Amino acid sequence: MASLSSLLCAVLFIHSTVSCYAAGPNHKKKHLALFVFGDSLFDPGNNQYLSRSIREPSTKWPYGETYFKHPTGRFSDGRLVPDFIAQFANLPILPPYLQNGDHQFTNGANFASAGAGVLAHTNPKVINLPTQLSYFKAVVKSLKNELGDKKAKVLSNAVYLFSMGGNDYIGLHYQNPNVTQSYQTQYVKMVIGNLTNTLKEVYILGGRKIAFQNAGPLGCTPNDRARNAQPGGGCAEVVSAMARQHNRALSVALKKLESTLPGFKYSTFNYYNALLGRVNKPSKYEFKEGKVACCGNGAYRASGCGGGFSGKEKFEVCSNPAEYVWFDGAHTTERANRQLAELMWNGPPTITGPYNVKQLFGCTI
């Protein structure tokens, strides 16, 4: 079997010309698609279709109450960032890839899975990134059977949206709270290396336009505030520091890929700063609460929303999720998601760059 590096060498002989513009009325003339890889921040409900004895809390009320009016498996009261991105691009909201029924893969697919990591061992019970990549390969095969040679244009014009890495660092921190700085650096390199290899495989399969939501302020979730109580209720710094290190390394890796892979274009949304700003100064963004979750129990309402994984925990629910940044102990409300999605879609280069997602959809390959 040819190695990944050998396949890339072959691909590099193909010359591509790329032009990008702010997507306007003209961008509707070509078919658009969105492929989503990610964790619970992007999971539309894939995990509910896994063979597990414990059902996800996100399949229970009050999840989904704001927009869908029923639980969908999304960890929010309503839509997630990929749902908004799809709607901004005039695409339907993508259903879970594992959901039964016919799928219009010409519109894309959402493979994201709550708890998923870049590394296969981070959470083997869910759909890790290697498995999500294998699902994408199956979709490419399906598109080839359906569209023939036209599938290449669908894949090259599509945007590939990623939110991955947070669970790898949270898992490391929980397993080894006293992990050394040198091992943290080594671990980040391992995560970024695996992410880079995945992007290279997506490129070989035809993907050219990559959009990343970088790692958030992991130590500032209600869950981590409660687990790692700091003086004055501050964030857990160790895990947030790993997220920042990851984000710096990701930026370097994406720039390198752009310089070596013809036609490769990318967008990085600074989710870390955008979310942290809303957590620290909620009123600036028209929220009333940035630290306590809308739904849950205990300190910061950090756990138990929907009854927790046992389904038996008692919990409280706020009267208006739109006033809160956090819906549960680790996931944002629909209103926060909309604000974040708007920044990813059409934010300035200081927040989302070197292209925003609207511009990526406007790139012609």
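Above: the structure in question.
Residues numbered from 1 in each chain as written. Predicted model: local features only at pLDDT ≥ 70, side-chain atom pairs only at ≥ 80, totals over all residues. Heavy atoms only, no water.

## Observations regarding the packing of aromatic side chains
Then step 1. Here the structure, examined in full by the defined rule, presents 21 aromatic pairs.
Then step 2. Relative to Tyr160, the ring of Phe35 has its centre 5.4 Å away and its plane inclined at 15 degrees; by these criteria the two rings are stacked. One end of the pair, Phe35, is in strand β1 (residues 34-38); the other, Tyr160, is in strand β3 (residues 159-163), and 125 residues separate them in sequence. Each member of the pair, Phe35 as well as Tyr160, carries the same accessibility label: buried.
Then step 3. Taking the centre distance of 5.2 Å and the plane angle of 45 degrees together, the rings of Phe37 and Phe111 count as tilted. Pair noted here: Phe37 is in strand β1 and Phe111 is in the loop between β2 (108-110) and α3 (129-147), with a separation of 74 residues, a long-range link.
Then step 4. The exposure class of Phe111 is buried, given its relative accessible area of 0%.
Then step 5. Pairwise contacts between aromatic rings join Phe35, Phe37, Tyr97, Phe105, Phe111, Tyr135, Phe136, Tyr160, Phe162 and Phe212 into one cluster.
Then step 6. Looking at Arg79, its charged tip hangs above the ring of Tyr67, at a distance of 3.8 Å from the centre. (Phe/Tyr/Trp six-rings, centres within 6.5 Å; stacked < 30°, edge-to-face > 60°. Helix = DSSP H or I, 4+ residues; strand = E, 2+ residues; numbered from the N terminus. Buried < 20%, exposed > 50% of the residue type's maximum accessible area, 1.4 Å probe, protein only. Lys NZ or Arg CZ within 6 Å of the ring centre and 35° of its normal.)

## Notes on the nonpolar core
Then step 1. Within the largest apolar cluster, 53 residues are counted, with the highest numbers of intra-cluster contacts made by Phe35, Phe136, Tyr160 and Ile210.
Then step 2. In terms of residues, this core owes the most to one element, helix α6 (residues 181-204), which gives eight residues.
Then step 3. What Phe136 contacts, discounting residues up to four positions off in sequence, is Phe35, Phe37, Phe111, Leu155, Tyr160, Val202 and Leu205.
Then step 4. Judged by nonpolar contacts, the second largest core, of 34 residues, contains Val36, Phe84, Ala112 and Ala336. (Core = buried A, V, L, I, M, F, W, Y, C linked by side-chain atoms within 4.5 Å. Contact = heavy atoms within 4.5 Å.)

## Some remarks on empty space enclosed by the protein
Then step 1. In the structure shown here, the tally under the stated rule is two cavities of 30 Å³ or more.
Then step 2. If you add up the space inside the largest cavity, you get close to 80 Å³.
Then step 3. Lining the largest cavity are 13 residues, with Leu41, Val81, Tyr271, Thr332 and Asn337 positioned closest to its centre.
Then step 4. Residue composition of the lining of the largest cavity, grouped by class: seven nonpolar, six polar and no charged. (1 Å grid on protein atoms, 1.4 Å probe; cavity = no way out; pocket = protein on both sides within 12 Å on 5 of 7 lines; lining within 4 Å. Points joined across faces, edges and corners; volume = space filled by probe spheres on them. Nonpolar A, V, L, I, M, F, W, Y, C, P; charged D, E, K, R; others polar.)

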